[in-house]
Amino acid sequence: MANEQITFDKLPQAVGYLTEQIEQIRQMVAALQPQASSDKHRLIEIDEACKITRKAKPTIYTLARKGLIPAYKRGKKLYFYEDELLQWIESGRKQMQAISLQEQAAEIVYGAKRKPKGGYNF
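Reading the values: rules and limits
Residues numbered from 1 in each chain as written. Predicted model: local features only at pLDDT ≥ 70, side-chain atom pairs only at ≥ 80, totals over all residues. Heavy atoms only, no water. Helix = DSSP H or I, 4+ residues; strand = E, 2+ residues; numbered from the N terminus. Buried < 20%, exposed > 50% of the residue type's maximum accessible area, 1.4 Å probe, protein only. Contact = heavy atoms within 4.5 Å. Areas by Shrake-Rupley, 256 points an atom, 1.4 Å probe, with all protein chains shown as cover. Arc of directions from axis to C-beta. Axes fitted to C-alpha atoms, helices over the stretch in contact; angles between N-to-C directions. Parallel < 35°, antiparallel > 145°, perpendicular 65-115°, else oblique. Nonpolar A, V, L, I, M, F, W, Y, C, P; charged D, E, K, R; others polar. Core = buried A, V, L, I, M, F, W, Y, C linked by side-chain atoms within 4.5 Å. pLDDT = per-residue confidence, 0-100. Phe/Tyr/Trp six-rings, centres within 6.5 Å; stacked < 30°, edge-to-face > 60°.

- Going by an unreviewed UniProt entry, the chain carries the name DNA binding domain protein, excisionase family and comes from Phocaeicola salanitronis.

**Examining the overall build of the chain**
For step 1, the next point in the chain: Scanning the chain for helices and strands turns up five helices and three strands.
For step 2, the next point in the chain: Burial analysis of the chain (122 residues in total) assigns 12% to the buried set.
For step 3, the next point in the chain: Summarising the internal contacts of the chain: among those between residues at least 6 apart in sequence, 46% fall at separations of at least 24.
For step 4, the next point in the chain: Total accessible area on the chain stands at roughly 11300 Å², and carbon and sulfur atoms take up 55% of it.

**Describing helix α4 (residues 82-91)**
For step 1, the next point in the chain: Taken as a whole, α4 has its buried residues at Glu82, Glu84 and Leu85. When α4 is viewed along its axis, its buried side chains cluster within an angular range of 165 degrees and face the same direction. In α4, those exposed residues whose orientation departs by more than 90 degrees from the buried face are Gln87 and Glu90.
For step 2, the next point in the chain: Against β1 (43-45), α2 (46-53), β2 (72-74) and β3 (77-81) lie the buried residues of α4.

**So, the packing of α2 against helix α3 (residues 57-66)**
For step 1, the next point in the chain: Two elements in contact, α2 and α3, have axes separated by 10 Å at closest approach and are oriented at 100 degrees. Here α2 is positioned roughly perpendicular relative to α3, judged by the angle of their axes. Every residue of α3 that contacts α2 at Ile46, Asp47, Cys50 and Thr53 is listed here: Lys57, Ile60 and Tyr61.
For step 2, the next point in the chain: For the contact of α2 with α3, a count of residues per class yields four nonpolar, one polar and two charged.

**Some thoughts on the nonpolar core**
For step 1, the next point in the chain: If you look at the biggest cluster of nonpolar residues, it comprises 11 residues: Ile44, Ile46, Ala49, Cys50, Ile60, Leu63, Ala64, Ile69, Leu78, Phe80 and Leu85.
For step 2, the next point in the chain: Of all the elements in the fold, those that place two or more residues in this core are α2, α3 and β3.
For step 3, the next point in the chain: Discounting residues that sit within four places of it in the chain, Leu85 has contacts with Ile44, Ala49, Ile52, Thr53, Ile69, Pro70 and Phe80.

**So, the confidence of the model for the chain**
For step 1, the next point in the chain: Scored by pLDDT, the chain comes out at a mean of 82, with 77% of its residues at no less than 70.
For step 2, the next point in the chain: Here helix α5 (residues 101-111) is the element of the chain with the lowest mean pLDDT, 75, and α2 is the one with the highest, 93.

**Some thoughts on the packing of aromatic side chains**
For step 1, the next point in the chain: Evaluation of the coordinates by the stated rule reveals one aromatic pair.
For step 2, the next point in the chain: Aromatic pair Tyr72 and Tyr81: ring centres 5.5 Å apart, planes at 75 degrees, arrangement edge-to-face.

**Thoughts on α2**
For step 1, the next point in the chain: Within the span of α2, buried status applies to Ile46, Ala49, Cys50 and Thr53. One face of α2 carries all of its buried residues, which in axial projection span an arc of 105 degrees.
For step 2, the next point in the chain: Turning to α2, the residues buried within the fold contact β1, α3, β3 and α4.
For step 3, the next point in the chain: Just downstream of α2 lies Arg54, where phi reads positive at about 60 degrees.

In structure tokens:
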């Protein structure tokens, strides 16, 4: 039907053929397009990030400035991906780095309180 001359009598068949071809093209294009990985991977602004994390705006700004929360800055605005925020919340606190015994001892000594001078008289 691709190379045949279309007459008025063959018009319904030609339209049917074209409809089938269009449907096949739609299926091929749909197969080539990347599928959405997650509905949660959407760009949000700071107001919605505050609602998701249940933190105040200044806290979010501070966390973003320190690089502790996944954020993207474009111009003067901060943007977040919802799924990244949820993953950040689930991950909890940062993992402590393994430190040597000498470093642990130094932290204990540094944190220990000094005895007051003069002592106690009982």
